[in-house]
Amino acid sequence: MMAADSDPESEVFEITDFTTASEWERFVSRVEEVLNDWKLIGSSAGKSSPEKGEYTSGIWEEKSQEINFADFKFSITHHYLKQESDEGEGKEEPEEDAFPLAMQDLLCMNNDFPPRAHCLVRWYGVREFLVISPGANCEAIISESKCNLLLSSISISLANSGCQVPMFVQIQQKWRRMYAGECQGPGVRTDFEMVHLRKVPSQYNHLSGLLDIFKSKIGCPLTPLPPINIAIRFTYVLQDWQQYSWPQQPPDFDALLGGEVGGVEFGKLPFGACEDPISELHLATTWPHLTEGIVVDNDVYSDLDPLQAPHWSVRVRKAENPQCLLGDFLNEFFKLCCRKESTEEVLGRGLAEEEGKENSDISAALSKLTEPAAVPIPKLSVSNMVHSARKRIRRHRRIDESPLSNDMLNSILLYLFPDAAVEKSSENSDSRTAQTNTDGKNGQDKDSDYNLFNQLKSAPSDSLTYRLALCVCLVNFYQGGLRAVAHLWQEFVLEMRYRWENNYLVYGLAGGPPDLRCCLLHQKLQMLNCCIERKRARDEARKAAEGGRERKASENGRLGPDGASAPSDHAREVSPGKSWDSWSDSEDEFFECLSDQEEVKEVPSAEGEKGGAKEAGKAKPEGRLHPHGNMTLLNAAEPLYIPVTQEPAPMTEDLLEEQSEVLAKLGTSAEGAHLRARMQSACLLSDMESFKAANPGCVLEDFVRWYSPRDYVEEEVEDEKGNTVFRGELSARMKIPGNMWVEAWETARATPVRRQRRLFDDTKEAEKVLHYLAVQKPADLTRHLLPCILHAAVLKLKEEESLEDIPSVRKAIQQATSHASKLLRHPIPDYKKLEDVINQLMAVETVIARARSLKAKFGIGKGERGEDAEDLEKFVSSLLEEPEVAVMGAGRGPAGSIIHKLFVSAQRAALLAPLDEDLGRMGGADDRKPMGGGINVPDFPPPAGREILLRTCVPRPAPYSKALPQRLFCVLMREDFRLAGAFSSDTSFF
């Protein structure tokens, strides 16, 4: 009973509701929606046929959308050639029965073998099409029933929507690139079919066999068959560049490892590819317009001789990421930026301590440089002295603990500090060094490449910092990486300390305060030079003062200002470009506190300004430089003298940042603002004290007239007698209560520069710089020097490009430079993005190497072919820029004859060596006749690929049907045989 009761219920639930859409219907509907959304409905006729080469030069665009068939994902993609005249010409009245655009494209001959296009564009010549392919992680459509289901789906979609764009379905595995498709028009339909095999069937290995397939497929009932248009392309591959070795000369590793490298070699970065960046040359020989009776190509004989082909075109296959020297240098250097080890950890803690203990011995040894040498010294250099002092230390050190040999280290230090090798007195040597530095700078300032350091925030290309970067890069690559870099840096820091302690200016740095346009390390070295200059000037001024004291008794006080001029001239001679104001009259700067006697003497001069000219006359003027024009003091008839003043302390960008942070932390309160003003007025106070000492009896107005003329306002007024006179007063801002200038003037005492507290404590600042250098890890050093290395790489690329003249390379270098400039100006550069800049520079190096490789192969630059040289150069530059280049004159032109010779030499090398084995095989496998080569050696190898395109227009399927386009594209390769056919039929009259 239960079973009987349940039967009717089960029947009810099994009823299928045929009004509900099935998955298949939903899929068809979804495809139609997409066609509507993309506005692909209606006639596509009316557009002009594409120009010759437009498929290659034009812009192809695509858009995709996902659609589902049940739970199976598909992607539908619309590929189309963007044509400018689309809108304008599309509106012309199309004929009612015009063929769809795709059918017209099947017969178009303007773009038969596009070098760079979608495979369906190459096979079918269509400029617009749709592809439905399985989703990213979905399995391929392999079963025949599924393929037919999809094809029927697109057929219904096209019919329902009236879309005339061909639609393809990707079937079989993706690597096979198998497609089936359909295109529908008014009363016509084209079916796109494909055959793909691993091996070429022997009966279809030539033109006559393929023509048989084509004729049988179209099944034309007409007895005089309409002519079949044939286009053929054979592609020959050249891989073996016989007698054309890669022209890059490898670096002389023996010289580098032996330490025999001179300064010239050290200053150069290597350049060029270590392998041939051009791996293959593909020659395509094309017969664009043939008919069946004109050419014979069967299993016995072939007319298709590549030398007789009317059209040749060439493309080159470039080696992927060839190893390039400059790129390797940059990459290895960049890797150091990510290391964490300190110098002590790299070289060993004991070594650093031992060297610290022996420091006195080293400095004692280095002092020999300043003493007259009784015996001739073969190489008078700082580095030699350092090494002789360290012989005992090095005896205890194992060989592997010294990454750099003594000879290598000497070579590097002599390159960095050429002044150490000049056998002259230290004064002459240093003055010559400073002179050459400034002269070189002025001479090169006009050069934009020289000023590249400003853009990249590196250092001038003739500076010590730049040379140090090149040395660190070279040592890192050739001499042992991180340990060698740490060793070199340790020596460099010792050299800096030695130069500071012995008053030797650091060679290769422009005079003046730190240049904030340069990298921080360069600024630090410039700061050290400033300290050395101040210290030297102070020492020399003290010596001059000691000599002058003997004459002081007879010449009285007149030598105050004049005495200052003798050391002034000497200071200028020592360091051109620095004014005497920097350090003159400063022999007593070490005595920062005034003696009691001086205090007593100074009291009347400080009070003299209030007491008038009589008391002022008693104070002795000190530290005068020269009169300030014809100006006189307001309260006395004395001339107004400009005093010798201290220069503001030079600062590096990190010190400026620290100072600005301290000032910002003081806040905006009145007390904070007052304190900030006091801190910033140290230089003002020093100048006021110098002014009072040089002009006894002066007032604040006198100081303002010299120091800030705008703040002294003069007006024309009439005096009691009616005469017009000038009367002046301080500006409004100077009269504000609590003005900092007034407060500073009241607290300032008449103190000449030589007795003032130093605004710039060179001893303290030099020690800070030396400590900063000593604590830098190798990774910190490479980060500091990275801008200089990028700068050097850009200069090297520009130099190499100028020899080749490649416009795209020039543009790429400019882009890389501007990209690097933006990144390097940031306080903390993004090293991931800087790696991209290095990759850009490496790509530029590869392009230049490719250009050189091609020029070598085509004999450009040898001066052999005067008339054809220009054409060949254009041809080679086009090969670099374009995917495929036509050869002017085909096999008979200048480029064609060179290509022919390349193939001949490669063939002889390949076939003559194993001649015994190949003689028999060549007769059977390669039936083509020899062409000018040896008796049995053909000029060209068998073609790597053969493409044959057959086209005609015949009525199908019946004799009374419309004459419709038919097309078959055949690809014959060693392990690939493909037939891509487009066969049209009349759906009205069949």
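All values reported here derive from a predicted model rather than from experimental measurement.

Enquirer: Would you mind going over the overall build of the protein with me for this structure?
Expert: Helix and strand counts for the protein come out as 38 helices and 17 strands. Accessible surface for the protein amounts to roughly 49300 Å². Of this, 51% is attributable to carbon and sulfur atoms.

Enquirer: Where do I start with the environment of glutamate 873 in this structure?
Expert: Tracing the backbone through its elements, the reader meets glutamate 873 in helix H36 (residues 869-881). On a C-alpha basis, the gap between glutamate 873 and alanine 851 in space is 9.9 Å, while along the polypeptide they are 22 residues apart.

Enquirer: Looking at this model, I keep getting lost on helix H29 (residues 682-694). Mind explaining?
Expert: Each full turn of the α-helix corresponds to 3.6 residues, which orients residues three or four apart in the same direction. Across its 13 residues, H29 extends 19 Å between first and last C-alpha, which sits within 8% of the 18 Å expected from 1.5 Å per residue. A large share of H29 lies buried, amounting to 10 of its 13 residues. Every buried residue of H29 is listed here: Leu684, Ser686, Asp687, Met688, Glu689, Ser690, Phe691, Lys692, Ala693 and Ala694.

Enquirer: Any chance you could explain the pattern of salt bridges here in plain terms?
Expert: Between side chains of opposite charge, pairing is possible as soon as their charged atoms come close. In this structure the tally under the stated criterion is 28 salt bridges. Across the salt bridge formed by arginine 951 and aspartate 112, the nearest N and O atoms sit 2.8 Å from each other. Of this pair, arginine 951 sits in strand S15 (residues 945-955) while aspartate 112 is found in the loop between helix H5 (101-107) and helix H6 (119-124), placing the two residues 839 residues apart along the sequence. Assessed through its relative accessible area of 8%, aspartate 112 is described here as buried.

Enquirer: Honestly, unusual backbone geometry in this entry has me stumped. Any pointers?
Expert: In this structure, the amide linkage connecting arginine 956 to the following residue, proline 957, adopts the cis form with an omega of 10°. Considering the arrangement of structural elements, one finds proline 957 in the loop between S15 and strand S16 (963-973). Although it is not a glycine, arginine 177 adopts a positive phi angle of roughly 50°. Among the structural elements, arginine 177 can be located in the loop between strand S4 (167-171) and strand S5 (178-185). For asparagine 321, which is not glycine, the phi dihedral falls at a positive 45°. Along the polypeptide, asparagine 321 turns up in the loop between strand S9 (311-318) and helix H11 (325-336).

Enquirer: Just checking my understanding: could you explain helix H7 (residues 144-161) for this structure?
Expert: Between its first and last C-alpha, H7 extends 26 Å over 18 residues, near the 26 Å set by a 1.5 Å rise per residue. Of all the positions in H7, only Cys147, Leu150, Ser153, Ile154, Ser157, Leu158 and Ser161 are classed as buried. Buried residues of H7, viewed axially, fall in a sector of 125°; they line one side. Facing away from the buried side of H7 by over 90 degrees, the exposed positions are Glu144, Ser145 and Asn160. In this structure, the buried side of H7 is in contact with helix H2 (23-37), strand S2 (72-82), strand S3 (128-134), S4 and S5.

Enquirer: How do you make sense of the nonpolar core when you look at a structure like this?
Expert: Where a protein is soluble and globular, its nonpolar side chains tend to be buried together. Residues Leu416, Met496, Phe858, Ile899 and Leu950 are the most contacted members of the largest nonpolar core, which totals 139 residues. When sequence neighbours within four positions are dropped, the list of residues in contact with leucine 416 reads Leu464, Arg467, Leu468, Cys471, Phe492 and Tyr507. Tyr55, Val126, Met178 and Ala231 belong to the second-largest nonpolar core, a separate cluster that totals 49 residues.

Enquirer: How should I be thinking about the pairing of strand S7 (residues 229-238) in this particular structure?
Expert: Each regular strand shows side chains that alternate between the opposite faces of the sheet. Counting buried residues in S7 gives 9 out of 10 residues, a clear majority hidden from the surface. Bridge analysis of S7 against strand S8 (residues 278-291) gives 9 bridges, and the strand direction is antiparallel. Opposite isoleucine 230, over in S8, you have leucine 290 as the bridge partner. Note that S7 and S15 share 7 bridges and pair antiparallel. Counted as the bridge partner of threonine 235 is glycine 945 from S15.

Enquirer: Just checking my understanding: could you explain the packing of helix H17 (residues 406-416) against helix H20 (residues 464-478) for this structure?
Expert: Relative orientation and spacing of two packed helices are given, respectively, by the angle between their axes and the distance between those axes. For the pair H17 and H20, interaxial distance at closest approach is 9 Å and the crossing angle is 155°. The angle between H17 and H20 places the two elements in the roughly antiparallel class. For the pair H17 and H20, the sense of crossing is right-handed. Together, Met408, Ile412, Tyr415 and Leu416 of H17 and Leu464, Arg467, Leu468, Leu470, Cys471, Leu474 and Val475 of H20 make up the contact between the two elements. Grouping the amino acids of the contact of H17 with H20 by side-chain chemistry returns 10 nonpolar, no polar and 1 charged.

Enquirer: What am I meant to see in the side chain of threonine 846 here?
Expert: In this structure, threonine 846 sits in helix H35 (residues 831-857). Classification of threonine 846 by relative accessible area gives buried; the value is 10%. A distance of 2.9 Å separates the side chain of threonine 846 from the backbone oxygen of methionine 842, its partner in a polar contact. Excluding residues that lie within four positions of it along the chain, threonine 846 makes contacts with Pro322 and Cys324.

Enquirer: Please explain the pairing of strand S1 (residues 59-69) as it appears in this structure.
Expert: One ladder, built from 11 bridges, connects S1 with S2; its direction is antiparallel. Across the sheet, the residue bridging to asparagine 68 is lysine 73, located in S2. Two successive antiparallel strands, S1 and S2, enclose a turn made up of 2 residues, where alanine 70 displays a positive phi of approximately 60°.

Enquirer: How should the confidence of the model for the protein be read in this particular structure?
Expert: For any part of a model where pLDDT is low, the fine detail of the predicted coordinates should not be relied upon. Scored by pLDDT, the protein has a mean of 75; 72% of the residues are at 70 or more. Per-residue pLDDT stays below 50 along residues 350-366; that stretch engages in 24 contacts with residues further than four places along the chain or on separate chains.

Enquirer: Would you mind showing me how to read the packing of aromatic side chains here?
Expert: Centre distance and the angle of the planes are the two values used to describe a pair of aromatic rings. Per the counting criterion, the structure on display carries 30 aromatic pairs. Taking the centre distance of 6.1 Å and the plane angle of 55° together, the rings of phenylalanine 113 and phenylalanine 969 count as tilted. Residue phenylalanine 113 is located in the loop between H5 and H6, and its partner phenylalanine 969 is located in strand S16; the two are separated by 856 residues in the primary sequence. Accessibility expressed as a relative area gives 8% for phenylalanine 113, which makes it buried. Ring geometry for tryptophan 706 against tyrosine 707: centres 5.4 Å apart, planes inclined by 65°, an arrangement best described as edge-to-face. In this structure tyrosine 707 comes out as partly exposed when scored by relative accessible area, which is 30%. Members of the aromatic cluster, connected to one another through ring pairs, are Phe691, Phe703, Trp706, Tyr707, Trp741 and Trp745. For lysine 535, the ring lying beneath its charged end belongs to tryptophan 500, and the centroid distance is 4.3 Å. Above the ring of tryptophan 745, the side-chain terminus of lysine 692 is found at 4.6 Å from the ring centroid.

Cut-offs applied
- Residues numbered from 1 in each chain as written.
- Predicted model: local features only at pLDDT ≥ 70, side-chain atom pairs only at ≥ 80, totals over all residues.
- Heavy atoms only, no water.
- Helix = DSSP H or I, 4+ residues; strand = E, 2+ residues; numbered from the N terminus.
- Areas by Shrake-Rupley, 256 points an atom, 1.4 Å probe, with all protein chains shown as cover.
- Expected span 1.5 Å × (residues − 1).
- Buried < 20%, exposed > 50% of the residue type's maximum accessible area, 1.4 Å probe, protein only.
- Salt bridge = Lys/Arg side-chain N within 4 Å of Asp/Glu carboxyl O.
- Arc of directions from axis to C-beta.
- Contact = heavy atoms within 4.5 Å.
- Core = buried A, V, L, I, M, F, W, Y, C linked by side-chain atoms within 4.5 Å.
- Pairing = 2+ DSSP bridges.
- Axes fitted to C-alpha atoms, helices over the stretch in contact; angles between N-to-C directions.
- Parallel < 35°, antiparallel > 145°, perpendicular 65-115°, else oblique.
- Left-handed = near helix turned anticlockwise from the far one by under 90°.
- Nonpolar A, V, L, I, M, F, W, Y, C, P; charged D, E, K, R; others polar.
- Polar contact = N/O pair within 3.5 Å; in protein donor to acceptor, adjacent residues only side chain to side chain.
- pLDDT = per-residue confidence, 0-100.
- Phe/Tyr/Trp six-rings, centres within 6.5 Å; stacked < 30°, edge-to-face > 60°.
- Lys NZ or Arg CZ within 6 Å of the ring centre and 35° of its normal.

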